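Overview (structure and organization)
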Amino acid sequence: QKEVEQDPGPLSVPEGAIVSLNCTYSNSAFQYFMWYRQYSRKGPELLMYTYSSGNKEDGRFTAQVDKSSKYISLFIRDSQPSDSATYLCAMSDGSNYQLIWGAGTKLIIKP
Amino acid sequence: DVKVTQSSRYLVKRTGEKVFLECVQDMDHENMFWYRQDPGLGLRLIYFSYDVKMKEKGDIPEGYSVSREKKERFSLILESASTNQTSMYLCASSLSVANYGYTFGSGTRLTVV
């Protein structure tokens, strides 16, 4: 079993819909949680960064961490075709330099 | 704007060749990383460096080596390229330990024939 599980998709939704992307993990020591967005033929870029549990909002994006369930989510409101990308979750327990990555979910927003 | 630059976007090399992938960052970041990305497997760490001339093995270092002679430059070397090293290679940097906001380059798509 992988340490971080993420549905590869693709997830296809109409423009304007609310999107929910999720990752589950097995290591209860994880406390740093990130979402990266990767456009085709580009490197990933940091989208959201949260520490421990709770919610964090940035414009149309909300990151949610539920440590009791070992589950993190990224919500995208009023989704746009420009949000079409692969979304990768990543996390760390803070003890070293390394991130543990999900495999990524491909998201397609249909105009 | 912060930048990580990878020297080549696409490379085609022959089996057995020695291959050099170069990465330069202009942000004075301490840490630099080399990943490979394959469909369904996500990002896998090959090597990382937390200081000049320092290097640490990641999850899949076999068949690779690295060099960091200057703070801004981190090179990945495939000693003898093989077809199973065909992949997307991504370089990243971060400011310091426990800073997980990585900045990635655009990647090098390497094909070994």
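This section reports on the structure supplied with the text. All values reported here derive from a predicted model rather than from experimental measurement. (Residues numbered from 1 in each chain as written. Chains lettered and ligands numbered in written order. Predicted model: local features only at pLDDT ≥ 70, side-chain atom pairs only at ≥ 80, totals over all residues. Heavy atoms only, no water.)

1. Details of the overall build of chain B
Within chain B, the regular secondary structure consists of zero helices and 11 strands. In summary, chain B has a C-alpha radius of gyration of 13 Å against a globular reference of 13 Å for 113 residues, a match within 12%. Reported as C-alpha extents along the three principal axes, the dimensions of chain B are approximately 35 × 25 × 25 Å. When each of the 113 residues of chain B is scored for burial, the buried share is 50%. Summarising the internal contacts of chain B: among those between residues at least 6 apart in sequence, 55% fall at separations of at least 24. Accessible area of chain B: about 5,400 Å², with a carbon and sulfur share of 50%. Side-chain charges in chain B split into 15 positive and 14 negative, and the spacing between the mean points of these groups amounts to 6 Å. (Helix = DSSP H or I, 4+ residues; strand = E, 2+ residues; numbered from the N terminus. Rg over C-alpha atoms; globule rule 2.2 N^0.38 Å. Buried < 20%, exposed > 50% of the residue type's maximum accessible area, 1.4 Å probe, protein only. Contact = heavy atoms within 4.5 Å. Areas by Shrake-Rupley, 256 points an atom, 1.4 Å probe, with all protein chains shown as cover. Lys, Arg positive; Asp, Glu negative; His and termini not counted. Charge placed at Lys NZ, Arg CZ, Asp CG, Glu CD.)

2. Considering the sheet that holds strand β7 (residues 61–66) of chain A
Residues and elements named next belong to chain A. Pairing is antiparallel across the open sheet formed by five strands, whose spatial order is β1-β3-β8-β7-β6. Edge positions in the sheet fall to β1 (4–5) and β6 (54–58), since each has one partner strand and no second. Pairing analysis gives five bridges linking β6 to β7, with the strands arranged antiparallel. Bridging from a neighbouring strand, N55 pairs with Q64 of β7. (Pairing = 2+ DSSP bridges.)

3. Concerning the pairing of strand β3 (residues 19–25) of chain A
Along any regular strand, the residues point their side chains to alternate faces of the sheet. Residue and element names in this part refer to chain A. Here β3 shows a clear split, with V19, L21, C23 and Y25 buried on one side and none of S20, N22 and T24 buried on the other. When β1 meets β3, the two strands line up antiparallel, connected through two bridges. In the sheet register, V4 faces β3, and the bridge partner there is Y25.

4. Structural notes on the interface of chain A and chain B
In this complex, chain A contributes 22 residues to the contact, which on the side of chain B involves 24 residues. Together, the buried faces of chain A and chain B total about 1,800 Å²; carbon and sulfur atoms form 57% of this surface. When the area that chain A buries against chain B is broken down by residue, the three leading residues are Y97(A), Q98(A) and W101(A), summing to 37%. The interface formed by chain A and chain B holds zero salt bridges in total. When contributions to the side of chain A that touches chain B are tallied by element, the ones reaching two or more residues are β4 (32–38), β5 (45–51) and β9 (85–92) of chain A. Considering only residue class, the side of chain A that touches chain B consists of 11 nonpolar, eight polar and three charged. (Buried area = accessible area lost by both parts, 1.4 Å probe. Salt bridge = Lys/Arg side-chain N within 4 Å of Asp/Glu carboxyl O. Nonpolar A, V, L, I, M, F, W, Y, C, P; charged D, E, K, R; others polar.)

5. Comments concerning the sheet that holds strand β8 (residues 73–78) of chain B
Residue and element names in this part refer to chain B. Ordered by their spatial adjacency, four strands build an open sheet running β1-β3-β8-β7, and the pairing between neighbours is antiparallel. In this open sheet, the two strands that pair with only one neighbour each are β1 (4–6) and β7 (64–70). Averaged over neighbouring strand pairs, the angle between their axes works out to 20 degrees when direction is ignored. Relative to β8, strand β3 (residues 19–25) runs antiparallel, the two sharing six bridges. (Axes fitted to C-alpha atoms, helices over the stretch in contact; angles between N-to-C directions.)

6. Things to note about the nonpolar core
W35(A), I72(A), L74(A), Y87(A) and M91(A) are the most contacted members of the largest nonpolar core, which has 23 residues in total. Secondary-structure elements contributing two or more residues to this core are β3, β4, β5, β7, β8 (71–76), β9 and β11 (105–110) of chain A. The contacts of Y87(A), once residues within four sequence positions are left out, are Q6(A), L21(A), W35(A), Y36(A), R37(A), L47(A), L74(A), I76(A), G104(A), T105(A) and L107(A). Formed by 21 residues, the second largest nonpolar core is a distinct cluster that contains V19(B), C23(B), M27(B) and V112(B). (Core = buried A, V, L, I, M, F, W, Y, C linked by side-chain atoms within 4.5 Å.)

Spatial relationships are all this shows, so hold off on functional conclusions.
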